[in-house]
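Single-letter residue listing:
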Amino acid sequence: MKKCLVLAYGNPLRTDDGLAVAALERLQKRFDGETAIEFHSAMQPLPEHAALCSEQQFVLFLDASASLQPGNISSHRIVPANDSQPNQNTHSLDFQGLLNLTHRVYEKSPEAVCLAMGGHDFAIGKGLSPETTANLEEMVAVATRILNAQ
Amino acid sequence: MYQEIVIDPITRIEGHSKITLQLDEQGVVQNAMFHVTQFRGFEKFSEGRPFYEMPSLMARTCGICPVSHLLASAKACDKLLAVQIPQTAIKLRQVMNLAQILQSHALNFFYLSAPDFLLGMDSDPVKRNLIGVAQNDPKFARDGIRLRQIGQMVIEIMGGKRIHPTWIVPGGVNSPLTEEKREKILQMMPEALDILQRVLPWYRSTLKNFQRETETFANFPTLFIGLVDKNGNFEHYDGFFRVVDSAGNIIVDKLPSHEYTRIIDEAVEPWTFMKFPFFKPMGYPHGIYRVGPLARLNVIQGFGTPIADHELLEFRGPEHKPVLSSYHYHWARLIEMIYCIERMQQLLNDSNITSKHVRAFASPNSYEGIGVTEAPRGTLIHHYKIDEQGVVTWANLIIATGHNNLAMNRGILQAAKNFVDGTKLQEGMLNRVEAVIRAFDPCLSCSTHADGRMQLAIELRSHEGELLSELRR
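Computed from a predicted model, the values in this text were never measured in an experiment. (Residues numbered from 1 in each chain as written. Chains lettered and ligands numbered in written order. Predicted model: local features only at pLDDT ≥ 70, side-chain atom pairs only at ≥ 80, totals over all residues. Heavy atoms only, no water.)

J.: Please set out the overall build of chain A residue by residue, giving values where relevant.
T.: Helix and strand counts for chain A stand at four helices and five strands. Expected size for 150 residues packed as a compact globule is a radius of gyration near 15 Å; at 15 Å, chain A falls within 12% of this value. Judged by the C-alpha coordinates and their principal axes, chain A covers about 45 × 35 × 20 Å. Looking at chain A as a whole, 54% of its 150 residues are labelled buried. Considering only contacts in chain A between residues 6 or more positions apart, those separated by 24 or more positions represent 78%. Carbon and sulfur atoms provide 48% of the accessible area of chain A, an area that totals close to 6,600 Å². Treating the 11 positive side-chain charges of chain A as one cloud and the 17 negative ones as another, the clouds have centres 4 Å apart. (Helix = DSSP H or I, 4+ residues; strand = E, 2+ residues; numbered from the N terminus. Rg over C-alpha atoms; globule rule 2.2 N^0.38 Å. Buried < 20%, exposed > 50% of the residue type's maximum accessible area, 1.4 Å probe, protein only. Contact = heavy atoms within 4.5 Å. Areas by Shrake-Rupley, 256 points an atom, 1.4 Å probe, with all protein chains shown as cover. Lys, Arg positive; Asp, Glu negative; His and termini not counted. Charge placed at Lys NZ, Arg CZ, Asp CG, Glu CD.)

J.: Explain the overall build of chain B to me, using residue names and the numbers behind them.
T.: Secondary structure assignment for chain B yields 14 helices and 16 strands. Whereas a compact globule of 473 residues would reach a radius of gyration of roughly 23 Å, chain B reaches 22 Å, a difference of no more than 12%. Taking all 473 residues of chain B together, the buried fraction comes to 61%. The long-range share in chain B, meaning contacts at least 24 apart out of those at least 6 apart in sequence, stands at 69%. For chain B, the accessible surface area stands at approximately 17,500 Å², while carbon and sulfur atoms represent 50% of it.

J.: Can you tell me about the pattern of salt bridges, naming the residues and giving the values?
T.: Residue and element names in this part refer to chain B. The tally for this structure, following the rule as stated, stands at 29 salt bridges over all chains. Residue Lys275 pairs with Glu266 through a salt bridge whose shortest N-O separation is 3.3 Å. A relative accessible area of 26% places Lys275 in the partly exposed class. By sharing partners, the salt bridges in this structure join Asp116, Arg128, Glu427, Glu434 and Arg438 into a single network. (Salt bridge = Lys/Arg side-chain N within 4 Å of Asp/Glu carboxyl O.)

J.: Which residues make up the sheet that holds strand 12 (residues 368-375) of chain B, and what values do they have?
T.: The strands that make up a sheet are held in pairs by hydrogen bonds between backbone atoms, and each pair lies either parallel or antiparallel. All names here are of chain B. As summarised here, the arrangement of the three strands in space is 12-13-14, forming an open sheet in which the pairing is antiparallel. Two strands bound the open sheet, and with one partner strand each, they are strand 12 and strand 14 (392-398). In this sheet, neighbouring strand axes are inclined to one another by 10° on average, regardless of whether the strands run parallel or antiparallel. Looking at chain direction, strand 12 and strand 13 (residues 378-386) are connected through eight bridges and run antiparallel. In the strand pairing of strand 13, Glu374 is matched with Thr379. Sheet contacts for helix 3 (residues 66-81): strand 12 and strand 13; angle to strand 12, the most-contacted strand, approximately 150°. (Pairing = 2+ DSSP bridges. Axes fitted to C-alpha atoms, helices over the stretch in contact; angles between N-to-C directions.)

J.: Explain the side chain of Ser104 of chain B to me, and be specific about the residues and the numbers.
T.: One can find Ser104 of chain B in helix 4 (residues 87-119). In contact with Ser104 of chain B, other than residues within four places in its own chain, are Ile64, Pro376, Arg377 and Asp441 of chain B.

J.: Got a sec to walk through the nonpolar core? Specific residues and values, please.
T.: By size, the foremost hydrophobic cluster in this structure holds 147 residues, and its most contacted members are Phe61 of chain A together with Val420 of chain B. Residues contacting Phe61 of chain A, with those up to four places away along its chain left out, are Leu7, Tyr9, Ile78, Phe95, Leu98, Leu99, Ala112, Val113, Cys114 and Leu115 of chain A. Formed by 26 residues, the second largest nonpolar core is a distinct cluster that contains Cys4, Leu19, Phe31 and Val142 of chain A. (Core = buried A, V, L, I, M, F, W, Y, C linked by side-chain atoms within 4.5 Å.)

J.: So what's going on with the packing of helix 4 of chain B against helix 7 (residues 179-206) of chain B? Which residues, and what values?
T.: Residues and elements named next belong to chain B. Axis separation between helix 4 and helix 7 bottoms out at 13 Å; the angle between their running directions is 40°. Handedness of the helix 4/helix 7 crossing: left-handed. Residues Leu102, Phe109, Phe110, Phe117 and Leu118 of helix 4 lie in contact with helix 7, whose contacting residues are Leu196, Val199, Trp202 and Tyr203. For the contact of helix 4 with helix 7, a count of residues per class yields nine nonpolar, no polar and no charged. (Left-handed = near helix turned anticlockwise from the far one by under 90°. Nonpolar A, V, L, I, M, F, W, Y, C, P; charged D, E, K, R; others polar.)

J.: Go over helix 3 (residues 95-106) of chain A, please, and point to the residues and values.
T.: Taking 1.5 Å of rise per residue, the twelve residues of helix 3 of chain A would be expected to cover 16 Å, and the 16 Å separating its terminal C-alpha atoms lies within 8% of that figure. Across the twelve residues of helix 3 of chain A, nine count as buried, placing the element largely inside the fold. For helix 3 of chain A, the complete set of buried residues consists of Phe95, Gly97, Leu98, Leu99, Asn100, Leu101, Thr102, Val105 and Tyr106 of chain A. In this fold, the buried residues of helix 3 of chain A make contact with strand 1 (4-9), helix 2 (48-54), strand 3 (58-70) and strand 5 (111-118) of chain A together with helix 5 (130-136) and helix 6 (138-159) of chain B. Two or three places before Gln96 of chain A, at the opening of helix 3 of chain A, Asp94 of chain A has a side-chain oxygen 3.4 Å from that residue's backbone nitrogen. Just downstream of helix 3 of chain A lies Glu107 of chain A, where phi reads positive at about 55°. (Expected span 1.5 Å × (residues − 1). Polar contact = N/O pair within 3.5 Å; in protein donor to acceptor, adjacent residues only side chain to side chain.)

J.: A description of the state of the cysteines should follow, citing residues and the corresponding values.
T.: Evaluated as defined, the whole model comprises zero disulfides over all chains. We note that Cys114 of chain A lacks a disulfide partner, and the nearest cysteine sulfur, in Cys53 of chain A, lies 12 Å from it. (Disulfide = S-S within 2.5 Å.)

J.: How would you sum up the environment of Gln84 of chain B? Please name residues and give values.
T.: All names here are of chain B. As for its placement among the helices and strands, Gln84 is situated in the loop between helix 3 and helix 4. With relative accessibility at 72%, the residue Gln84 sits in the exposed group. Counting along the chain gives 344 residues from Gln84 to Gly428, while the straight-line C-alpha distance between them is 53 Å.

J.: How would you sum up the sheet that holds strand 2 (residues 37-42) of chain A? Please name residues and give values.
T.: Residues and elements named next belong to chain A. Spatially, the five strands line up as an open sheet ordered 2-1-3-5-4, and their pairing is mixed. Each edge of the sheet is formed by a strand with only one pairing partner; in this case those strands are strand 2 and strand 4 (73-77). Here the average twist between neighbouring strands, direction ignored, is 25°. Summarising the sheet, strand 3 and strand 5 pair through nine bridges and their orientation is parallel. Bridged to Ser65 within strand 5 is Gly118. Each of strand 1, strand 2, strand 3 and strand 5 is contacted by helix 1 (residues 19-30), which is oriented at about 140° to strand 3, the strand it contacts most. Relative to strand 5, helix 4 (residues 130-148) is tilted by about 165°, and along the sheet it contacts strand 1, strand 2, strand 3, strand 4 and strand 5.

And the structure:
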């Protein structure tokens, strides 16, 4: 297996915004003992994550989506942004921007995929909505297939 | 008749705010105001909570400096319990606070302010960000990311999480430090020190390019306030209040931190949510003072660690007087980072640092508790009152950034008068006004998500509201 990084983003205190973190926790158990995979979570992409990305051959970003229909899963390849694209500052750094930073600072360009699931409820609250809880295992299954293919 | 320029939002700072500049008919700046446009309400919604929840609650005030609030709050709760904190717990709390200061200073210097140093105040705003820094000097960007990473890793190793760790609790800390963790932290220190010993001389060499900024960025007499130990040296965890004037005279010394109300009071203005602390004996607004890295280096005798002390001499210059220009907050920040590493090494090499006795337990024995520490941005005060059931009835927080509010407002006026020409508005002029705020490294809320709208609109309007000129990015 390639050296992989799973980076989950979201706020667990905003109900389904924390679904990626919940998925990551299940993946950690599923891949317990697998030394080729590192797992990290944060509320948002940060410049320090470029250092983490630079050490890997493959990065799987996990995220909640407010634009996807609740329960729908989307997976797509992420390519580094070019320097003039937006959302490449410390306040709002997206995945493309993070990969560009990884390339610029560390001269590394790992392959990357974003796996996102539509959330049902993003209000302030602890724990996932019942609907998202029911759908989470499907996201974990897709993530598992992606990682096993590396 | 006056014209008004509004800079909204201020970029590359923590939190949300705007600046209003008022110009006369000749386009000369007459007044400036720094508005903090967000309301948090922590003091109010704490009422009714059990006191032992306060450290975890208060840590949520900020995503950059949660440890500062966690620590000040825990210290206030220590006073409610009226317990003696085990010495090892004090040292462990100190290590975490130093790591906090290190990573927070690294954030401001490398991510938020370095685009100005490296690329210039008048550079293309589209590129004047971390990507621009990475393009211009990838090694510099790597150094900044690594320093921040080291500070955060220390916090994570000790507290289990990088942001909002819950390890510091009333009475001490939750668990002792293992030998393995101690070694892991110590191994990172030489690399961090090496980075700073390369960056600091480079930064000093850039100062000649920013002489006008140095002269005009909140460069005026104020008082300076900070904590010192019993010998007058740098103190971030306990200590006494010291107040120094701009000539270097000590006007208050050895004031126990819980007596802060003797020297600090707060005023409010209708145009901002941030309060205006002032030096009480001089009244408002004459009692203007500054806190944070520049102020701390002005009030202390020394650091007590060799490299930081050497740099302090260089900082003060041959006359050994307080440094007044707020541009030099950046320089002071670098020196403090060096101290943080040296001091962490000292503490972690203490023979008792892995002792298992790290917490004292009690029920409340006092109905009022005050916790004061030095946070990255300055002196931080948490003051609570509880009832007999241990429920919070009143809380007052005086945040580090708040202490600097008067100075920031006066500072942007000074910079605007020197750089802004209302008859021919240019983006670099306004970036300099923003950069004054950036030098103070304000923490205006807590840095969770911004919504990605980093575009900036600058409008020049007449008193009647007619749009006279406009800049957008």
